[in-house]
Each structure stands twice: as C-alpha cells, then as structure tokens.
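Summary of the model geometry
For reference, the chains in residue letters:
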Amino acid sequence: MSFHVDCARIRLLTRNFGGLQRPWAQRRRDFATAPQKEKHHVAILGGGITGLSAATDILSKGEPCRITILESQARLGGWITSEFVDVPGGKVLFEKGCRTLRPAGASGLVTLAMIHYLGLEEELLTCSRDSAAATNRYVYYPDRLIRVPSSLAELPKFLLWEPLAKGIIPGILNDALNPYKSAVKGSDASVADVISDRLHPNLVNLVSAVLHGIYAGNVQTLGFNAIFPQLDYYMKQHGGIVRGMLYSMRRAWYDEAVLPLHDVLTMQQITRDWEARRDQRIKGHRMEERTAALQAAKRSSIYSFKKGIQQLPDKMEEVLRRDPQVSIETGCSVSSIHVDGTHGCGGLLVKTGANGETERRFTHVISTIPSTNLGELLCSNHIDIDMDEASREIKKILQLNRTVNVMVVNLWFAELHLLSVKGFGYLIPKDTPAGQNPECGLGVIFDSDALQGQDTMQGTKLTVMLGGYYWDKWPEKHLPSALDGISKARSLLARHLGITAEPMATCATMRRNCIPQYGTHHLSRMRTLRHALQDKYTGRLILAGSSYDGVGVSDCIRSGVYASHSLHSIFKAGGELGVGLYKSHTDPDDPGTFVSVSQKHLRWNFP
Ligand SMILES: C=Cc1c2[nH]c(c1C)Cc1[nH]c(c(CCC(=O)O)c1C)Cc1[nH]c(c(C)c1CCC(=O)O)Cc1[nH]c(c(C)c1C=C)C2
C-alpha cells in the first residue's frame, strides 16, 4: 500500500525540516558509531495511557533495549478509571474520566492498530453512526435543550430559527468575501478572536460549547491555531476558512483529502507496520472475527470495551508485565533529571525517592508526565549548579502550560425513561445565563443511550461534568467536595431535565489538572521547545502526552507511539533525531505542511 502525496507540498516540508536536520548530522554520526554492545536502557516517566502505549510500541518493534516504567501512583492507567458499582439487581459501569474512543483520523487508526496488536478486538463495543447517540447532540441555551443538526438537510431550519445559530450566515459571507490578510492580534489569536473576526461574534457562544466538551476550556484564551490547526491552515493558506473548505471539497471531488502531513506520515508508518506483521496475523487466532470487530469499530461513531475503557491500559499492563525486557515501578516518584556527565556516556541520570536518594542511569528518557511536573524535575547537570540557557528555556516553556480541574459526577437511576430525549448528551455554552448554571456545569452525558452492553442492570445512567476553567481562580478550599459535587449535579439535572428522582448509585471524582489548555502561544512555544530539546538532549529526552499534541485518549496513544518511532530512528541513527513533538509543523509560521492525499489510501479496511 502506498500513498500519493502532493509533491510540491512535500518539498515545502523537506525545506522546513532541512534546517533542523543539518546541525544534528554530526551528533547522529557520533551516536551511530558508539559501541552498541551495551544496548539501551529507556526510562518511561508516567504509567498512564501515553507511557503504556510508548512501552507497548517499543516492545512490538523488538527494540534492543530495556524499559523501566516509573509511575508515582500506586496503579497504572492514569486518568482512565472504569469501575463497576453494585446497584439493586446488578452492576453498572462508572467511567470516571474519558469513556469512549473515536475511530477517525490518524490517531484513531493508531489506536485501532494498537487494539489489534493487543488482541482486544473481541472486547470492543461500538455505537453506530446512525444511532440516536451519534446523531442527537444538544446544547442547553438559554433555558432549554436545542438539538444541533447532524446533517445538511437539518441545517436550514436551525439557521433560520435558532437564536444560537444567529450569525452563521453573515459569518460565512464575511469570511468568504474578505480575504484573510494578516492575523488578528499578532500571529497567535484566541479562538474567540478569530471566530469573531473572521465569522461573527454571535458564533463564539456556540463554539464555546464545543470547547467545553473537549477542553473544559475558555474560548477566550484557547489558541485558535492549536485547537483548530486545519481551519488555521485554511485561513492562512487559502485566504479564509470558507475558501479553504471549498478547496478541500474540490480535492474531495478528485478523491483526495487535505490533511496535516504528519497524519499522512503516521498512516504510512501504520501501513508499513501492518504489512510487516502480515505473517503473524495470518497465523493469529480467530482472525476473521477479530478483523470483523476491528472493521465495525472503524465504521462506528464511538467505541469502547465491554468492561470499560480501562480494559485498554489493563491489557497493555498485562502484556508489559509478561515481558522480561520491561520493569514497572509504581509508587516511585522522580525527584530530578540530570544530564549524566559520568563515563562520557551522555545519558540521563534520574533521581527517585522524596529526597532523590536513589540514582538511576538511562540512555534515554521518554517523559509522559504533565509538562509542568517535568519542568520542575529538569536540572542542567549532575551537580545541579547554574542552569544553562537551553535548560532555562526548556523549563520555562514546560511550566507555562496551564491545566484545568474537572469534577466528573456519575449517577445511576433505577427508572428507565427519565430522559425526554435520546442522544449523546448536551453541552452548556458560556452565555447560558448564570441563573441557569450556578453549578458551573460544562455538560451532561447520557451514558445509558451511548453504549449498551456494559451494565448488567438497565436504568438511566448520566455523567455531569462540572468546573473546568470556571474554577480557574478558585482557591483549593472553595473547590467542591465529592458530596457537594453530587448535590450540584442533582440540582443541575433537576433544573435542566426535570429529573428529581433519587439516584441509586453516585460517584464524584475531582480530576485535578486533567486537561491541558493550549493557549494562544502554544504552537510557537512547542516549536521553540523542540529546538531547545534537540540542542540540549540530542534525542535523549523525548516528550509525549497530553501536554503537547492533543488531549484525547487516541491523541495520547498516538503520541506514545510516536515517541517510540522517534526512539527507533535514534537507535537506527538514520532518521531525524526525534523529540516526540510531532505537530510543530502546524505552527503559525509554518502553515505549508498540509498535503493532499488520495483518499483511497486512507480508506483503511484492516485487510
Ligand atoms: C475529564 C473529561 C474530559 C473532557 N474532555 C476530555 C476528557 C478526557 C477529552 C475529550 N473529550 C472529547 C474529545 C474529542 C475527541 C474524542 O476523543 O472524542 C476529547 C479530546 C469529546 C467528548 N466530550 C465528552 C465525551 C463523552 C466525549 C467523547 C470522548 C470521551 O469519552 O471523553 C463529554 C465531555 N467531556 C468533558 C466535558 C466537560 C464534557 C461534557 C459533557 C471534558
């Protein structure tokens, strides 16, 4: 399988990366000629989904290295927590963080390939694209549920009658008729600024709802180019969002898709890996059933697993624990990381324990912990005296990343038909009057409509998400306790949905600092970080995880797999020295890195 890629644009990319490659050529040669008999020892900081994905992918490639996973918590899996709770007559599953996966895009493909590698296909549960959960999505504004159109046919009514949609038609005209000339407020603008400027100020409210459901974040401070890289590319390269979309539709006419080059490269890599494992797959157990399950997930709107999304990290952990190449240390906190000057080995020295009492040496470190935590751990050298310029720059950028707290409240009611509508759930935009949302609600998920097959007892299962950026400046002592959270969720459900029944099971979990907020300078900072990391660590320190290139589960899996790809090219010393940050090509000064790809190669069918 091969990809047809627009060569002119590929050339653009080569030029952009060429400047980065040359300075490292010498170092790469040094590394390549270093004695290889003492193979590599890689530390993976963090045993969440990113760290586990990185380790699993390194194993799957048969790399000549030892792997040590260092996790500060007592368990692996990070934010992913699926728990069965007892209710009268059976058990129901509460997801205390993310709950579903999406098959779309390069990240979706990486995740499906990982599921196949782990042999988890027959545990999949899918939600079809035409189900109510996939097509019925609501927004609560100003005091009622409004259904968001899911097809072109439903659009005219929405555009003409919904106050929430006021601004879409004039916005489209504004963007189409006024070619983009220069960035609003410099090259890095917030989502709200760009939407107001290019489209219409009224649309900011609608977009805020979407951002609440993904980032629990503020439309005024999230950066447009980091959150909507494709729209940013359309705007800067084609003169407007609408023009870019029209261009994209024209390419689709020729059966081509416009995608970030890196997504295309990732898909190529997945294709190569898939083909390389063909022999193993043919011999595999129940291959026909497994392929059918994978294909169903690929066609679905969302999917998860019979015992919840935690089955994925659990299976990774099982595979990793079986392998003598891997050691896993839970309850092990890292206190500092130093460039290791001893023996001229150029590796990294990692100190663990509260006072750094244990010293370990690694040839490479993949950090999947939040960037702010990593920033606190980085020290310039073994003796830890004054920091050099590069280290200071790296630390500063890492510590600038902000995050938000989200309270996830799960509720299960024995009554079957408490909801007057069926669907995925609803989001609460920023302009919903405060009197309608004093609880700082971000949205409600109708779990019992979304996926069937996890609970052994039928009822109505809901999740209320509270907080996010609304709690940005709140002192710790004002954040709600679990009991407060449950009572807030119940009052919100009573006001919005008229649900006053007593839940038979509840659980409130405060997720502290769980979602990174990519602000207006995120991409340019990532670019600086990428350069500084290469300068300072020459591929010894690789970054992955939600702090950098996407906050979803699939984004994290992909980022872990990408860290493993970077490591692979470092071991082979043939490719570009990677540092794990793959989206730097979509930064504001470097928009020419989207490519047009023949769609037939993207229609993956897991043959
Ligand atoms: C702690 C809660 C999370 C909120 N957003 C995310 C998490 C982990 C991350 C996220 N959620 C969604 C995406 C889009 C891409 C995708 O993977 O689907 C991302 C990156 C979409 C989404 N939003 C909600 C759900 C149920 C989904 C599907 C994916 C998932 O299961 O997370 C609802 C929702 N999530 C959050 C809020 C405030 C919210 C409101 C109803 C925060």
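If you're wondering where the values come from, they're calculated on a predicted model, not measured in any experiment. (Residues numbered from 1 in each chain as written. Predicted model: local features only at pLDDT ≥ 70, side-chain atom pairs only at ≥ 80, totals over all residues. Heavy atoms only, no water.)

1. Topic: the environment of N225
Tracing the chain through its elements places N225 in helix 10 (residues 224-227). In the structure, N225 is positioned 294 residues away from G519 in sequence and 9.2 Å away in space, judged by C-alpha atoms. Among the polar contacts made by the side chain of N225, one reaches the side chain of D188 at a distance of 3.3 Å. (Helix = DSSP H or I, 4+ residues; strand = E, 2+ residues; numbered from the N terminus. Polar contact = N/O pair within 3.5 Å; in protein donor to acceptor, adjacent residues only side chain to side chain.)

2. Some words on the site of the ligand
R99, T100, R102, G213 and I214 are the nearest of the 17 residues found near the ligand. A distance of 2.7 Å separates an oxygen atom of the ligand from a polar atom in the side chain of R102. Take G213: an N or O atom from its main chain is 2.7 Å from a nitrogen atom of the ligand. Coverage of the ligand by the protein amounts to 87% of the 720 Å² it exposes when considered alone. Within the residue set of the shell around the ligand, elements represented by two or more residues are helix 9 (203-215) and strand 17 (441-445). Ranked by the residues each element gives to the shell around the ligand, the list is headed by strand 17, at four residues. Residues of the shell around the ligand, tallied by class, amount to 10 nonpolar, five polar and two charged. (Near = heavy atom within 4 Å. Areas by Shrake-Rupley, 256 points an atom, 1.4 Å probe, with all protein chains shown as cover. Nonpolar A, V, L, I, M, F, W, Y, C, P; charged D, E, K, R; others polar.)

3. Remarks on a nonpolar patch on the surface
Among the surface-exposed residues, I169, L173 and L177 lie close enough to one another that they form a single nonpolar patch of about 300 Å² accessible area. By secondary structure assignment, the location of I169 is in helix 7 (residues 168-177). (Patch = residues over 30% accessible without salt bridge, like charges linked within 9 Å, V, L, I, M, F, W, Y side chains within 5 Å. Salt bridge = Lys/Arg side-chain N within 4 Å of Asp/Glu carboxyl O.)

4. A few points about unusual backbone geometry
With an omega of -20°, the peptide bond running from Y141 to P142 counts as cis. When you line up the elements, P142 lands in the loop between strand 6 (137-140) and strand 7 (145-148). Phi at C440 takes a positive value of approximately 60°, unusual for a residue other than glycine. Topologically, C440 is positioned in the loop between strand 16 (425-427) and strand 17. Of note, the phi angle at N513 is positive, near 50°, even though the residue is not glycine. When its relative accessible area of 45% is taken as the criterion, N513 is described as partly exposed. (Buried < 20%, exposed > 50% of the residue type's maximum accessible area, 1.4 Å probe, protein only.)

5. Section: the packing of aromatic side chains
What the rule picks out here adds up to eight aromatic pairs. The interplanar angle of 40° and the centroid separation of 5.9 Å between the aromatic rings of Y140 and Y426 together place this pair among those described as tilted. With Y140 in strand 6 and Y426 in strand 16, the pair connects residues that are 286 residues apart, well separated along the chain. As far as burial versus exposure is concerned, Y140 and Y426 are alike and both buried. Between Y469 and Y470 the ring centres are 4.6 Å apart and the planes differ by 25°, which places this aromatic pair in the stacked class. The rings of Y140, Y426 and F446 are connected pair by pair, giving a single aromatic cluster. (Phe/Tyr/Trp six-rings, centres within 6.5 Å; stacked < 30°, edge-to-face > 60°.)

6. Looking at the pattern of salt bridges
Applying the stated criterion across every chain yields a total of 28 salt bridges. Ionic pairing is found between D447 and R99, a salt bridge with its closest N-O pair at 2.9 Å. Of the two residues, D447 sits in helix 19 (residues 447-450) while R99 sits in the loop between strand 4 (90-95) and helix 4 (105-118), which places them 348 residues apart along the sequence. We note that D447, like R99, is buried. The salt bridge involving E154 is made with R147; its shortest N-O contact spans 3.4 Å. For E154, a relative accessible area of 28% puts it in the partly exposed group. Judged by relative accessible area, which is 30%, R147 ranks as partly exposed. Salt bridges sharing partners connect three or more residues here, namely E122, R286 and E289.

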